[in-house]
Structures are given as structure tokens and as C-alpha cells.
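Take a look at the letters that make up each chain.
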Amino acid sequence: MPELPEVETIVRALRPALVGKSILSADLRWPRSLAAPTPLAFARRVKGQKIEEVSRRAKYFILHLSSFSLLIHLRMSGDLLVKEGAYIPAKHDRLHLRLSDDTTLVFSDPRKFGRLWLTADPEEVLGDLGPEPLDPSFTPQIFYERLHIRRRQLKPLLLDQTFIAGLGNIYTDEALHMARLHPLAQSDSVTAEQVEALWRAVREVLEEGIRSNGTSIDWVYRGGEFQNQLRVYGRAGQPCPVCATKIERLVIGQRGAHFCPACQPFKE
DNA sequence: CACGAGACCTGTTCGC
DNA sequence: TGCGAACAGGTCTCGT
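For every chain, the first residue of its written sequence is number 1, and the numbers climb from 1 along that sequence. Here chains are named by letter from A upward and ligands by number from 1 upward, in the order in which they appear as written. Totals for whole chains, interfaces and linings use every residue, but because this is a predicted model, local features are given only for residues with pLDDT of at least 70 and side-chain atom pairs only at 80 or more, for both listing and counting. With hydrogens and water excluded, all non-hydrogen atoms of the structure serve as input to the side-chain values.

Moving on: the protein's contact with DNA strand B. Around DNA strand B there are 14 residues in total, and R32, H92, R111, K112 and Q254 lie nearest to it. Residue proximity to a molecule or strand is established when one non-hydrogen atom of the residue lies within 4 Å of it. Sugar and phosphate atoms represent 63% of those atoms of DNA strand B found within 4 Å of the protein. Here R111 contributes a side-chain N or O atom positioned 2.8 Å from a base oxygen of DNA strand B. Any N or O atom pair separated by 3.5 Å or less is treated as a polar contact, with the protein-specific requirement of one donor-capable and one acceptor-capable atom, and with residues adjacent in sequence counted only for side-chain atom pairs. Between K112 and DNA strand B, the recorded distance is 2.8 Å, taken from a side-chain N or O atom to a phosphate oxygen.

Structure follows, in C-alpha cells:
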């Protein structure tokens with residue numbers, strides 16, 4: 001589920017419920033969700049830690065603890081919620097953190113792809129991430145340079161978290177459509193004007209997504225509204241909102257890519 | 001370096 | 001109704 005806007009939505013929702021609380025105990029219900037350290041060390045180190053702040057980097061949720069950072073990547077189906085009082089574990093719960101105000105932070109993850117890291121040095125996990133697209137330091141000039149250093153198809157490149165951090169399958173398709181660029185276009189052949197359009201589109205779809213509290217589709221529902229504004233994602237066969245041409249779907253890098261063949265013509 | 005395929009997982013939906 | 005295939009918001013690793 002979660003791309004940058006969904007993770008940002010969760011951060012904003014959970015921050016007031018978590019900051020200032022202490023962790024009384026951990027119940028790791030699916031050990032393989034934990035990337036590091038070992039389950040035993042995790043339980044020992046996390047106990048008694050105070051939650052100082054909650055933030056996000058790319059699609060990573062970050063709990064800043066007294067002496068560690070707990071990083072959580074939700075991958076395809078992960079979710080984080082805070083439950084009040086005595087809590088009955090649910091089927092897909094992978095971690096419970098019992099908190100000092102009689103609440104429980106629950107990491108739920110049906111597909112078990114999500115990962116947790118408890119580390120004193122978050123850079124070990126986050127170090128290879130590319131620029132944060134909504135950060136002021138991410139400029140069209142930097143974007144142009146990065147696009148032109150390599151020769152890659154645009155769609156897989158935008159999904160590459162070392163190239164740009166936070167985009168996933170929905171928002172890349174939406175951004176490429178808004179910028180009128182074909183998902184298979186070569187990164188080093190986009191003009192400065194096209195880069196400018198893509199730069200603006202990436203930021204616009206992410207900001208729109210955040211304003212809508214993210215996208216909720218299928219059985220994973222978070223209360224977001226952005227699914228009602230999708231222009232191409234998941235709309236194969238339906239009319240393009242701009243020109244009414246039928247949206248097409250291609251598989252690129254094993255991911256579905258949705259685009260309008262008229263608005264996003266393929267050259268070369 | 002760029003790209004495709006396979007793995008990791010469970011659940012839902014679609015076609016016959 | 002049943003049953004297998006396809007598909008799903010992500011990322012890693014391996015082979016060409």
C-alpha cells in the first residue's frame with residue numbers, strides 16, 4: 001500500500017499518539033519481520049525506550065527512541081495503528097509495542113513483506129536512498145543531471161529508490177501522465193522542459209496524495225481519498241480524463257504501467 | 001550498467 | 001459452486 005503520501009499520512013496520524021510515551025514491552029509475533037538485530041536483542045533494547053519523535057524518510061516510518069531508531073518499512077501490505085486499552089491480537093499482527101499510556105502500537109502486515117530495524121545508526125539502512133522529492137534541495141537542475149547520468153526507462157527509474165525516494169507504482173504512473181511522458185521513454189533523452197514538467201508533476205501528485213490522506217484501494221483501507229482522483233493508475237480500458245483515449249496497461253519491470261497512448265506518445 | 005526473472009507472502013478477483 | 005490463474009501500493013538477488 002504505502003508510498004510516500006500514505007506513510008506521511010500515517011506519521012501525521014500517529015505522532016500525537018506516540019510522542020512522549022515509553023515502550024513497556026515488545027511482542028514480536030512474526031520474527032522474520034525483524035531485519036535487525038536478533039529478536040532477543042530487540043526485545044531487550046526496545047524495552048524502556050521513550051519515543052522522542054516520529055518522522056519519515058522516503059517510505060520508511062521512523063520512531064526516534066532515547067538511544068535507538070526503530071525504522072519500519074510497510075512494503076506492500078503493512079499498516080501501523082494504535083489501539084487503546086486491552087487489545088486482542090488480530091490475525092496479521094506482526095509486532096505489538098505496549099506503551100506507557102495503556103495503548104499498543106500494532107504493526108499489521110498480511111503479506112509479511114514489511115521490515116523492522118532497531119538501530120543506533122539509521123544511515124546504515126537509509127544511506128543509499130535518493131533525494132526526497134518534496135525537499136527544497138531537490139531542484140529541476142539536480143533532477144535533470146540525475147536523469148541524464150544514466151540511460152534507463154523512466155518508469156523503472158522513478159521506482160528506483162536510490163534514484164528518487166518515495167515514489168511507488170501509483171504515483172509514478174500519475175506523475176508520468178501529468179508530465180505527458182511515456183513510461184518507456186529513455187531518461188537521458190528527456191529535454192529540460194520535460195524534466196521541468198516531470199519535476200513539477202512528481203511534486204504535485206505527491207502533495208495531492210498527502211492532501212487526500214493517501215490512496216485506499218482493495219481490501220487495505222486507510223481512509224485516504226486519492227483513489228477517486230487517479231487519472232491512469234488502475235484505469236486500463238477507461239477513458240483518459242484529458243483526451244478520452246483509452247488508457248493502456250503495459251508490464252514494465254514486472255510492474256503494471258498505466259498510461260494514455262495519446263497524451264504520452266512513445267517516440268523512437 | 002540496464003534489464004528480466006525469481007523470491008519473499010497472503011488475499012482477492014476474474015475467467016471458465 | 002469450484003478451482004486455478006492473475007493480480008496487488010515493494011524490494012532484494014541473481015543471471016545475461
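Here we take up the environment of R255. Residue position: R255 is located in strand β11 (residues 255–259). Residue exposure (1.4 Å probe, protein chains only): buried if accessible area is under 20% of the type maximum, exposed if over 50%, otherwise partly exposed. Accessibility expressed as a relative area gives 31% for R255, which makes it partly exposed. Here the alpha-carbon distance between R255 and K155, two residues 100 residues apart in the chain, equals 9.4 Å. Beyond its immediate chain neighbours, meaning those up to four positions away, R255 contacts L159, N169 and L250. Here a helix means four or more residues in a row that DSSP labels H or I, a strand means two or more in a row labelled E, and each is numbered from the N terminus. Any two residues whose heavy atoms approach within 4.5 Å at even a single point are treated as in contact.

Further remarks concern helix α2 (residues 39–46). Among the residues of α2, those classed as buried are A41, F42 and V46. Projected down its long axis, α2 shows its buried positions confined to an angular sector of 115°, all on one face. Those residues of α2 that are exposed and aimed more than 90 degrees away from the buried face are L40 and R44. Phi turns positive, to about 85°, at G48, one or two residues after α2. Throughout, the arc means the angular range of directions from the helix axis out to the C-beta atoms.

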